[in-house]
Amino acid sequence: MGISPLLEQSSRIALAAFLHDLGKFAERAKLPVDQATLDVNKQLYCPHPKALTDAKGHFTHVHAAYTGLAMDLIEGYLPDLTGEDFAPFGSWKTKDVDDSFINAAAKHHKPESFLQWLIATADRVASGFDREEFELYNQGEDKTRSGKNHYTARQLTLFEQIHQPEMAETDFKYRYPLKPLSPDSIFPVKAEGYEHNDKQKAQQEYRQLWDGFLQALQKMPKSHRQNWSLWLDHFETVWGVYTQAIPSATAFNVRPDVSLYDHSRVTAALATALWRYHHENKQTDDNARKQLSDQTDGWQEQKFLLIQGDFFGIQDFIFANGGETNKRAAKLLRGRSFYVSLLSECAALKVLDALDLPSTSQVINAAGKFMIVAPNTDETKAKLQQVQQELDQWFLEHSYGQAGFGLAWTEAACNDFRRHVGATSSSRSDDRSPYRQLIDKLFEQMDIKKSQRFDLCNSPQIVFKGFLDEFEHGECKIDGRSPAKILNNDIWVSELANDQINTGSWLAREDRERILITRQSLGMEHALKIPIFGYHVCFAKSAEEQGKFGEQARNGNLLRAWDFSLPQSAEQALWTGYARRNINAYIPLYDDKAHAEAALGKYADEDLLELGDAKTLNHIACEDQVFQENHQWRGISALSTLKGDVDNLGMIFQSGLGNDTSFSKTAALSRQINAFFTVYLPWLCKTQYPNTYTVFAGGDDFFLIGPWLSQIRLASDMRQAFQTYVADNRHIHFSAGISTTKPGLPINQLGEMAEEVLEQAKTHNPNHEQIAPKNAVSCFNQTMFWSEYDAVQLRSVRLDELASELNLSTGYVYGLLNLIDMAEKVGEKPENALWHSYFAYRTVRMLERNKHLDREQRKRRQQELAEEIANAGIIRHGGNYRVALFCHLYQQRD
C-alpha cells in the first residue's frame, strides 16, 4: 500500500493549474488587500502591454496578482505545503524561486520557467487559442462584447448558441445566476432584470459567493489533507459548486460562456498530462521551455492521449431476469442502476489509478461514459491494455458477456485543440477547425470500439474451469443464469445479485449517503461482497467517517469518499465536505402517509411494509388512486414507464457550436446536459413526484417508473423544464415514450416495451421529412410532437372539469373513442362523416338526463361540449385526443 510519489507530484501540478485563475474570483469579490503587496504582485505576474508603456502602473489581467494573495487566505485548508520535498516545484510560495508553486500558478500570463510555461500552455490549449489570438487576449481591454466589465458580466449559456453560433451578443436572452450549484441555480434566468451595470453591487455578489466558498472549505476532513489525490477529489467538487457560474474570461471582447470551473478543470487535466509527458521523457529543461513558448514544433507533437470509456449493454445488465425478479423488482432495479454507476466510476478510477493520475484528469463523466486526459507514452498505452483486460475479465466472469466496459484512446497535439480554421487542417477544403476534427475522430474511435467488445480474438481467453460444479444450489433466482451461492431472504442468488439487492436496500436508508472506495476491505457491515475491479466498496453513514478513517487516508488505502445525498431545499449548495457524485439515488419510501392510507385499504392484498422500507412496484401502482366519500378507492392500479433521451446529441457535440468551440466548452456542455438529469430530476421527483423510481438518469437519457398518471404528467413537466434549462433553444430537445401497464409484468418486458414506445417517438415523421425531426412523445399508442402533447394535457384537464360539473358518464366518454375512430377514417367510408351528428345526438341525450339543467342551460352546455370535445378535441387533435380520454377514464374506475 502507500501513496505513489508520482501521483502526489501529478496532483500538485493539477492543483497549481486548477488555481491559476483563483485571482479572478478573489479580485471580483474586491477582497481587502495590502496595496504594497498587490503592487509587487502586479510587477511579478501581470502583463504590461507595449502599447501602454507610457501609462505608468497600467497592467492587464490584474487577477494574476490576486492569485497569490488569495492563496494566503485558503492555505490553511490545503494539503501540507511545507517540507523539503515539494516536487516537482522548488517550493510552495517563495516568489524569488522561479519554480515555486505560486509562481507556476500565477504567472500564466507572464510565464518564464518551464513549469510556468506548462500551465500557461494548458490554459491556452483549454481555450483553443492560437498564438496570435492569445497575444491579443493578453493585452485586451476588460470588457465583453456586450460592454460589461469583469464585475458586472454574468455567464452566458452554451445552450443558447447551439446550431446558431453566429448570434450577436445582444441576442443572448439568458444568464446564469451567480450562485453556488444547486437544483435551482443550474437554470439560466432572463438577463433582463438580472444583469446590471452596478459595479459595487456586482462586487458584493461576488463577495457573498467568496465568503461561502471559504466556509465550505472548512467542511473538508482535515485528515484527508495528507492524501493529495483524495483531497483533490473533494476540492474539485467544492470549487465546482462555487465557480460553476463565474465567467472564466471577460477580456478582449470575448463571449463569457465558459465557467471558471470548467476552464480550470480542463486546464488542470491538460497541465498534468503535459507535465507527465515531459517528465517521463526527461524533457523538463530549458529546451522544453523554449519548445512550449515557441508554439511551433512542440505544439505539433502528439503529447496527449484522450482516453474514452463507455459502458456497453447497460439495459441487458439492469433488466436481467429470473423467476424471483418481479417480487423484488423495485429494489432490484434501483440497486442495479446504482451498481451501474458504481461500475462506471470504478472503471474510471481503475484507469486513473493505473496511470497515477488524480481525479482532475477526468474531464467528462456522464451516464457510463468518461474521458480522461493522459500523457501519450508507450507506458500509458501498455497500462491501458492491461486495464482493458482486467475490465473484460471482470465482466465475463460476472455478467458472462452481457455487459462490458470499453476503452478507446486517441493521440492529440496542442494544435489539435485550436479553434482557428486552417491552423493544422489536413485538407485546405476542410472548413472544420482542428478541434472539430479531433471531436469527429473521438466519435469514430469509440464507434470502432463498440464493434470490438471484449476483443476475444486478441485477448487472453477466460476459462470457466469447473463452472458447472458451482451450481450446487441451482441457478440464481434473480438473473436466471449465474451459479447461486448466497441465501438472501429465503432464495438462493449469485454474489452479484446479492450485492445488487443489498445496494437497493441500503439506498433506502437515508443515513447511508456516502460511499468509500478502498484497496483493502474495511470490514464494514454495509459492504459489497464482490470487489469491483479490485476495489472494495462500502456504504457509510453521513457522519460515520468523520475522523474515523484518517489513518486509511494517510496510508493510501482510502482512495475515494463520495457523497450522493439529496439537498434539503432547491437552493441548498450541493456540498457536504466530500467529493460529490451525482448518482440519482432517490427512492420512494413507505412513510407515515402511506401507512395511514394502507389502513384504509389502498394497497388491497399487497404485503405490509414497515416504515422506512422502499415501496414495491405493486404499491407504487396504487398511488394515483383517489379516496372517495364512500370510503372506496377510485382509479386503476397501473404503472407507467417513462423513457427518453436527448435528440441528436452527437450532432450537438460535433457541430452544434460550429468552429467557435473548445475543449473547455465540450466539457462544460457535457456536464451541463448531465446535470439536468442528475441534479434537477432527482429533486423534481423528490418534491413533486415522490413515487417515481429512477431506473437510470444521466448523460442524455432517462428511464423512470411510477404511478401511471403521475408519469404522464411528469413527462410534460420534464419537457417544459428542459426547454427552460436549454434557454428555449428550439434546436435542443428530447423525445420520450410512455408505456402504461398493470403491475406484475417481468421487468425485462417493461424494459422492452419502454424501448418500443421510445422508438415510436424517435421515428415520428408525419410530414415525411428526409430525417425524422424527433422532439416527440408516444403515449397510449399515440405519437405526437411535444407541443401537441401539452395541448392534449390541457384538454384532459378541461375534460375532467366538465365531467365533474355535468356528471359525464363513463359510457358517454367511452363512446367518444368510437367517434374518434370514425373521424380518422372519413376517407375510407363516407358514412364515417356522420361522427359529428352522432356526437351531437349523444350529447343532447346525455344532457336531457341532467334534470337540474333547464332548457337554456342545456343549450349552453351543448355548445360548450361541442366546442371543447368536438372542435378543440377531436377535430383539432384527431387520434391524439385519445390520450385525454384514457387519462380521464382510467381515473374513474373503482
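Cut-offs and rules
Residues numbered from 1 in each chain as written. Predicted model: local features only at pLDDT ≥ 70, side-chain atom pairs only at ≥ 80, totals over all residues. Heavy atoms only, no water. Helix = DSSP H or I, 4+ residues; strand = E, 2+ residues; numbered from the N terminus. Rg over C-alpha atoms; globule rule 2.2 N^0.38 Å. Buried < 20%, exposed > 50% of the residue type's maximum accessible area, 1.4 Å probe, protein only. Contact = heavy atoms within 4.5 Å. Areas by Shrake-Rupley, 256 points an atom, 1.4 Å probe, with all protein chains shown as cover. Lys, Arg positive; Asp, Glu negative; His and termini not counted. Charge placed at Lys NZ, Arg CZ, Asp CG, Glu CD. Pairing = 2+ DSSP bridges. Axes fitted to C-alpha atoms, helices over the stretch in contact; angles between N-to-C directions. Core = buried A, V, L, I, M, F, W, Y, C linked by side-chain atoms within 4.5 Å. Phe/Tyr/Trp six-rings, centres within 6.5 Å; stacked < 30°, edge-to-face > 60°. Lys NZ or Arg CZ within 6 Å of the ring centre and 35° of its normal. Parallel < 35°, antiparallel > 145°, perpendicular 65-115°, else oblique. Left-handed = near helix turned anticlockwise from the far one by under 90°. Nonpolar A, V, L, I, M, F, W, Y, C, P; charged D, E, K, R; others polar. Salt bridge = Lys/Arg side-chain N within 4 Å of Asp/Glu carboxyl O. Disulfide = S-S within 2.5 Å. pLDDT = per-residue confidence, 0-100. Polar contact = N/O pair within 3.5 Å; in protein donor to acceptor, adjacent residues only side chain to side chain.

Novice: Where do I start with the overall build of the protein chain in this structure?
Specialist: For the protein chain, the count of helices and strands is 29 helices and 20 strands. In terms of C-alpha radius of gyration, the protein chain reaches 30 Å, essentially the compact-globule figure of 29 Å for 894 residues. Here the protein chain holds 894 residues, and the buried ones make up 60% of them. Put simply, of all contacts in the protein chain between residues at least 6 apart along the chain, 71% involve residues at least 24 apart. Accessible surface computed for the protein chain: about 35,600 Å², of which carbon and sulfur atoms make up 46%. Positive and negative side-chain charges of the protein chain, numbering 97 and 117 respectively, have mean locations separated by a distance of 3 Å.

Novice: Help me understand the pairing of strand β11 (residues 558–563) in this model?
Specialist: Successive side chains on a regular strand alternate, one facing one side of the sheet and the next facing the other. With respect to burial, β11 is a largely interior element, 6 of its 6 residues being buried. Taken together, the 5 bridges between strand β9 (residues 512–518) and β11 define a ladder with antiparallel strand orientation. Of the residues in β11, the one forming a bridge with T518 is L558. The pairing of β11 with strand β12 (residues 579–580) spans 2 bridges and is parallel. Bridge pairing in β12 links D563 to R580.

Novice: What exactly am I supposed to notice about the sheet that holds strand β18 (residues 734–741) here?
Specialist: The strands making up a sheet associate through backbone hydrogen bonding, with each pair oriented either parallel or antiparallel. Taken in spatial order, the 6 strands make up an open sheet running β16-β17-β15-β18-β19-β20, and their pairing is mixed. Of all the strands in the sheet, the pair left with one neighbour each is β16 (693–698) and β20 (782–785). Strand after strand, the sheet turns through a mean of 15° between neighbouring axes, direction not considered. As paired strands, strand β15 (residues 639–646) and β18 are joined by 8 bridges and run antiparallel to one another.

Novice: Is there a simple way to explain the pairing of strand β19 (residues 776–779) in this structure?
Specialist: What you see with β19 is no split at all: A776 and S778 on one side and V777 and C779 on the other are buried throughout. Strand direction decides the pairing type here: β18 and β19, joined by 3 bridges, are parallel. Opposite I738, over in β19, you have C779 as the bridge partner. As paired elements, β19 and β20 share 4 bridges and run antiparallel to each other. Residue pairing across strands places C779 opposite Q782, the latter belonging to β20. Count of turn residues in the β19/β20 antiparallel hairpin: 2 residues, of which F780 carries a positive phi of about 50°.

Novice: I tried to follow unusual backbone geometry on my own but got confused; where do I start?
Specialist: A negative phi angle characterises most non-glycine residues, just as the trans form characterises most peptide bonds. Of note, the bond from A87 into P88 is cis; its omega dihedral lies within 30 degrees of zero at 5°. Structurally, P88 is set in the loop between α4 (63–74) and α5 (101–106). Residues other than glycine seldom take positive phi values, yet K282 does so here, at roughly 55°. By the element assignment, K282 lies in the loop between α10 (260–280) and α11 (286–294). Overall, the relative accessible area of 74% leaves K282 in the exposed class.

Novice: Just checking my understanding: could you explain the nonpolar core for this structure?
Specialist: It is characteristic of soluble globular proteins that their nonpolar side chains tend to be buried jointly. Ranked by internal contacts, the top residues of the largest apolar core, which has 168 residues, are W210, F235 and M718. The dominant element in this core, judged by the number of residues it contributes, is helix α22 (residues 663–688), at 13 residues. What F235 contacts, discounting residues up to four positions off in sequence, is L15, F18, L19, F213, L217 and M220. A330, F405, Y535 and F539 belong to the second-largest nonpolar core, a separate cluster that totals 68 residues.

Novice: Can you walk me through the packing of aromatic side chains in this structure?
Specialist: Both the distance between ring centres and the angle between the ring planes are used here to describe each pair of aromatic rings. Tallied over the entire structure, the rule returns 51 aromatic pairs. Between F319 and F703, the ring centres sit 5.4 Å apart and the planes meet at 40°, which makes this aromatic pair tilted. Here F703 lies in strand β17 (residues 701–707) and F319 lies in the loop between α13 (314–318) and α14 (329–354), a separation of 384 residues in the sequence. Ring pairs connect the aromatic residues F159, F187, F676, F677, Y680, F702, F722, Y725, F734, W786 and Y789, which therefore count as one cluster. The ring of Y535 carries K350 above its face, with NZ or CZ at 5.4 Å from the centroid.

Novice: Help me understand the environment of F722 in this model?
Specialist: Secondary-structure assignment places F722 in helix α23 (residues 708–725). On the basis of relative accessibility, which here comes to 1%, the residue F722 falls in the buried class. In this structure, the C-alpha to C-alpha distance between F722 and F677, residues 45 residues apart in sequence, is 9.5 Å.

Novice: What is the right way to look at the packing of helix α25 (residues 786–806) against helix α28 (residues 855–877) in this model?
Specialist: A pair of packed helices is characterised by two quantities: the angle between their axes and the separation of those axes. Their axes nearest at 11 Å, the elements α25 and α28 cross at an angle of 155°. Taken together, the axis directions place α25 and α28 in an arrangement best described as roughly antiparallel. Where α25 crosses over α28, the two elements pack in a sense that is left-handed. Residues E788, A791, V792, R795, R798, L799, L802, E805 and L806 of α25 form the contact with α28, whose own contacting residues are R861, E864, L865, E868, I869, A872, G873, R876 and H877. For the contact of α25 with α28, the residue count by class is 8 nonpolar, 2 polar and 8 charged.

Novice: Explain the packing of α25 against helix α29 (residues 881–892) here, please?
Specialist: Two elements in contact, α25 and α29, have axes whose closest approach is 8 Å; the angle formed by their N-to-C orientations is 40°. Taken together, the axes of α25 and α29 lie oblique to each other. Two packed elements cross with a definite hand, and for α25 against α29 that hand is right-handed. Residue-level contacts link V792, Q793, R795, S796, L799, D800 and A803 of α25 to Y881, V883, A884, L885, C887, H888 and Q891 of α29. Looking at the contact of α25 with α29 residue by residue, the classes come out as 8 nonpolar, 4 polar and 2 charged.

Novice: Mind showing me how you'd approach the pattern of salt bridges here?
Specialist: A side chain with one charge may pair with a side chain of the opposite charge, provided their charged atoms come close. In the structure shown here, the tally under the stated rule is 46 salt bridges. Where D233 meets R560, a salt bridge forms, and the shortest distance between an N and an O atom there is 3.6 Å. You can see D233 sitting in helix α9 (residues 228–243) and its partner R560 sitting in strand β11, a full 327 residues away along the chain. The class for D233 is buried, based on a relative accessible area of 2%. Among the charged side chains, a salt-bridge network with shared partners connects R255, D257, R419, D660 and K665.

Novice: Looking at this model, I keep getting lost on the state of the cysteines. Mind explaining?
Specialist: Covalent bonding between the sulfur atoms of two cysteines defines a disulfide. Taken as a whole, this structure holds 0 disulfides when the rule is applied. The structure places no disulfide on C346, whose sulfur is separated from the nearest cysteine sulfur, that of C538, by 11 Å.

Novice: Help me out: how do you make sense of the confidence of the model for the protein chain in this one?
Specialist: Close inspection of predicted coordinates is inappropriate for parts of the model with low pLDDT. Scored by pLDDT, the protein chain comes out at a mean of 88, with 90% of its residues at no less than 70. The least confident element of the protein chain is helix α7 (residues 131–138), whose mean pLDDT is 53; the most confident is β19, at 98. Per-residue pLDDT stays below 50 along residues 50–58; that stretch engages in 6 contacts with residues further than four places along the chain or on separate chains. Of the regions scoring below 50 in pLDDT, residues 423–428 engages in 9 contacts with residues more than four places distant in sequence or in other chains.

Novice: What exactly am I supposed to notice about the sheet that holds β11 here?
Specialist: Here we have 4 strands laid out as an open sheet, ordered β10-β9-β11-β12, and mixed in their pairing. Each end of this open sheet is capped by a strand with a single partner; those strands are β10 (536–541) and β12. Contacts between α9 and the sheet are confined to β11 and β12, with β11 contributing the most and set at about 20° to the helix.

Novice: So what exactly am I meant to see when it comes to the side chain of T503 here?
Specialist: Note on placement: T503 falls in helix α17 (residues 495–507). For T503, a relative accessible area of 0% puts it in the buried group. Of note is the side chain of T503, whose polar atom sits 2.7 Å from the backbone oxygen of D499. Aside from chain neighbours lying at most four places away, what touches T503 is G335, F338, Y339, L528 and F539.

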